[in-house]
Amino acid sequence: MLGWDEWKKSFDVWENATARHLEQWLKSPLLLGPAGVMMTAAMKAKAKVDDVKSKVASGLGLPTRRDQERTLHLLNQMQSRVMDLEEKLEDLEADKSRGDRPWT
Amino acid sequence: MIGRLMNLAGLLTRRKPAVGATPADVVHAENKWKLLRFRPRAAGLAHATPILLVPSLINRWYVLDLMPGKSFVEFLVSRGHDVYVIDHGTPGDEDRYLGFDDIVDGYLGRALRVAAKTSTGDPRAKVHVLGYCMGGTMAAIHAAAHPERFASLVAVAAPIRFDSGGDDGLLAAWSRSPTVELDAVVAGVGNMPWELMQSTFLLLRPTMQLSKAVHLMDRAGKAWDDEFLDGFLALETWGNDNVSFPGAAWRRYIRELYREDRLFRGTFALNGRPAQLSSIVAPTLAVTFEHDAIVPKAMASVLVEQVGATDKEHVHLPGGHVGAMVSRSASRGLWPKIAEFWEQRPGGVRRERETEVVRRAVPSAAARESGSRARKKR
């Protein structure tokens, strides 16, 4: 279909030129500076709201979301530490059976 | 035109192809991540050194095993390699506290030891490591801190020098924007949400989605075959299946790598241990792609200049960040190149008895657990 092929060629030229132009614009400090400020402000506002919610929950004697996240994270860390110890124990057992090191 | 539209409408009801279909067993599980070992080919393993694939932390691992015929993993298994891959999993809210050291030193180190032990019986045996994209950065950092564990390092489209002084691409420009306060972002969202990261990737070429639609329309009137459609849908499935970045790890990644370029400058440390690229002495291969908008050549090719290895190589190929790794042409060019790199190195010697390891039972995560319970009883 000739009409489609010609249109497609024009589209490709337009798309390339537009993408190049947009890339320059998206890299511009004039855009990045204010966008970063807005993002940071939005994040600070969200953190503040979360903080207020936590204080309300704490005031009622309830565990906060952060408390639960910290506890779960510590449990995960403990799981990793147990695995570290298992590995060390296996290494020591292997060394002992090979007689590589004196077993004390 | 009606034919094109009918073909496009058919896409809506077309069944999605199976992704990540090469048979594998979970040999280790910890927090959200798993280590998968692909079942060796029926003829048995042909190579002595196992291979560990490290995908990016923010994309699913199955880009390396996209679909039958377009799978790097399937290709390696068919050549008799013992292949492992890290599935980073999906971080939970509590993983906002998970640090870069936990992942790159702790988890990656464990993956290397489990792969070595499962394959050879010795957790201290060396392993070939391939990192793709950010996985390559992670692998290079681990290799710099623990060079003794690596039989070789292959970094595919992996950012190493984050500030080349020239054009490092949009992603680098955004990450270095000083008005974004990293602590405020992590305090606000915890983990860096995948939706935000995906929007960022789409903005790398804002006309991409439109261009893709027109390309699809064009294709709908020409070569509209099953192979193309399955490949397209598999890649779209993967592209829309992203993972959030654990908050503390994201903050350090952006601050110390994108903003301070510590890996390249030799001032990065992993759990207090210096991670200097000059410490890497294992054979090293860096792969870059001509049209890679995410990791330009200058960011990735410096690996071979920085490592201390004398056996090192840089390969620059046509294609984009993802397409060049999963396309049909990759199976004829890039994949054999990587496999030959391993097979020609000392660790790539053939096994004397090809089926030796296949007969040995694969220790599963459940077996590890039962072993741990048995020890506790003693």
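Residues numbered from 1 in each chain as written. Chains lettered and ligands numbered in written order. Predicted model: local features only at pLDDT ≥ 70, side-chain atom pairs only at ≥ 80, totals over all residues. Heavy atoms only, no water.

What follows is about the overall build of chain B. Scanning chain B from N- to C-terminus turns up 17 helices and 10 strands. Taking 2.2 N^0.38 as the reference for a compact globule, 378 residues should give roughly 21 Å; the C-alpha atoms of chain B span a radius of gyration of 21 Å, in line with that estimate. Dimensions of chain B, computed from C-alpha atoms along their principal axes, come out at roughly 70 × 50 × 45 Å. Relative to its 378 residues, chain B shows a buried fraction of 56%. The contacts of chain B with a sequence gap of at least 6 include a subset with a gap of at least 24, amounting to 82%. For chain B, the accessible surface area stands at approximately 15000 Å², while carbon and sulfur atoms represent 54% of it. Seen as two clouds, the 49 positive and the 41 negative side-chain charges of chain B have centres 5 Å apart. (Helix = DSSP H or I, 4+ residues; strand = E, 2+ residues; numbered from the N terminus. Rg over C-alpha atoms; globule rule 2.2 N^0.38 Å. Buried < 20%, exposed > 50% of the residue type's maximum accessible area, 1.4 Å probe, protein only. Contact = heavy atoms within 4.5 Å. Areas by Shrake-Rupley, 256 points an atom, 1.4 Å probe, with all protein chains shown as cover. Lys, Arg positive; Asp, Glu negative; His and termini not counted. Charge placed at Lys NZ, Arg CZ, Asp CG, Glu CD.)

Attention now moves to the overall build of chain A. If you tally the helices and strands in chain A, you get three helices and zero strands. Scanning chain A from its N terminus toward the C terminus, one meets helices and strands in the order α-α-α. Against the compact-globule benchmark of 13 Å for 104 residues, chain A has a radius of gyration of 30 Å, which places it well outside the compact range. Principal-axis analysis of the C-alpha atoms gives chain A an extent of 85 × 55 × 30 Å. Accessible surface, chain A as shown: approximately 7600 Å² in total, 66% of it carbon and sulfur.

For interface size, the figure often reported is the accessible area lost on association. Facing the 47 residues of chain A at the interface are 51 residues of chain B. Taking both sides of the interface into account, the surface hidden between chain A and chain B amounts to around 4200 Å²; carbon and sulfur atoms contribute 55%. Taken together, chain A and chain B are joined by nine salt bridges. A salt bridge links Glu90 of chain A to Lys117 of chain B; its shortest N-O distance comes to 2.8 Å. Between the two partners, chain A and chain B, sit 20 residue pairs in polar contact (both at pLDDT 80 or more). Secondary structure elements with two or more residues in the side of chain A that touches chain B: α1 (2-26), α2 (29-59) and α3 (65-98) of chain A. Among the elements that take part in the side of chain A that touches chain B, α3 of chain A stands out by supplying 20 residues, more than any other. Of the residues contributing to the side of chain A that touches chain B, the split by class is 16 nonpolar, 10 polar and 21 charged. (Buried area = accessible area lost by both parts, 1.4 Å probe. Salt bridge = Lys/Arg side-chain N within 4 Å of Asp/Glu carboxyl O. Polar contact = N/O pair within 3.5 Å; in protein donor to acceptor, adjacent residues only side chain to side chain. Nonpolar A, V, L, I, M, F, W, Y, C, P; charged D, E, K, R; others polar.)

Our next topic: the packing of helix α6 (residues 182-189) of chain B against helix α10 (residues 247-259) of chain B. Residue and element names in this part refer to chain B. Running from N to C, α6 and α10 point in directions that differ by 160°, and their axes come no closer than 9 Å. With respect to α10, the element α6 is oriented roughly antiparallel. Our pair here, α6 against α10, has a crossing hand that is right-handed. Only Gly247, Trp250, Arg251, Ile254, Arg255 and Arg259 of α10 make contact with α6, whose side of the interface consists of Leu182, Asp183, Val185 and Val186. Tallied by class, the residues present in the contact of α6 with α10 amount to five nonpolar, one polar and four charged. (Axes fitted to C-alpha atoms, helices over the stretch in contact; angles between N-to-C directions. Parallel < 35°, antiparallel > 145°, perpendicular 65-115°, else oblique. Left-handed = near helix turned anticlockwise from the far one by under 90°.)

With respect to the helices and strands, the residue Pro296 of chain B is situated in the loop between β9 (284-289) and α12 (297-300). Linking Pro296 of chain B and Arg328 of chain B, residues 32 residues apart in sequence, is a C-alpha distance of 22 Å.

What follows is about the domain arrangement of chain A. Here chain A is partitioned into domain 1 (7-62) and domain 2 (63-104). Centre-to-centre separation of domain 1 of chain A and domain 2 of chain A, based on C-alpha positions: 40 Å. (Domains from an automatic or database assignment.)

Glancing now at a nonpolar patch on the surface. All names here are of chain A. Taken together, the side chains of Val52, Val56, Leu60 and Leu62 define a hydrophobic patch exposed on the protein surface, amounting to about 390 Å² of accessible area. Looking at where Leu62 falls in the secondary structure, it is placed in the loop between α2 and α3. Judged by its relative accessible area of 48%, Leu62 falls in the partly exposed class. (Patch = residues over 30% accessible without salt bridge, like charges linked within 9 Å, V, L, I, M, F, W, Y side chains within 5 Å.)

Residues and elements named next belong to chain B. Membership of the largest hydrophobic core comes to 117 residues, with the highest contact counts inside it found for Leu35, Leu52, Leu53, Phe72, Tyr132, Val156 and Phe245. The dominant element in this core, judged by the number of residues it contributes, is helix α3 (residues 100-120), at 10 residues. If near-sequence neighbours (up to four positions away) are discounted, Val156 is found in contact with Leu130, Gly131, Tyr132, Cys133, Val287, Phe289, Met325 and Ile338. Membership of the second largest hydrophobic core comes to eight residues, among which are Leu11, Leu216, Phe228 and Leu229. (Core = buried A, V, L, I, M, F, W, Y, C linked by side-chain atoms within 4.5 Å.)

With that settled, consider the sheet that holds β9 of chain B. Residues and elements named next belong to chain B. Spatial ordering of the open sheet is given by β1-β2-β4-β3-β5-β6-β9-β10, a layout of eight strands whose pairing is mixed. Strands at the two margins of the open sheet, each flanked by one partner only, are β1 (24-30) and β10 (312-317). In this sheet, neighbouring strand axes are inclined to one another by 20° on average, regardless of whether the strands run parallel or antiparallel. Sheet topology note: the strand β2 (residues 33-38)/strand β4 (residues 83-87) ladder contains four bridges and is antiparallel. Considered in β4, the bridge of Leu35 is made with Ile86. On the sheet, helix α16 (residues 334-343) packs against β3 (51-54), β5 (127-132), β6 (150-156), β9 and β10 and is oriented at approximately 160° with respect to β6. (Pairing = 2+ DSSP bridges.)

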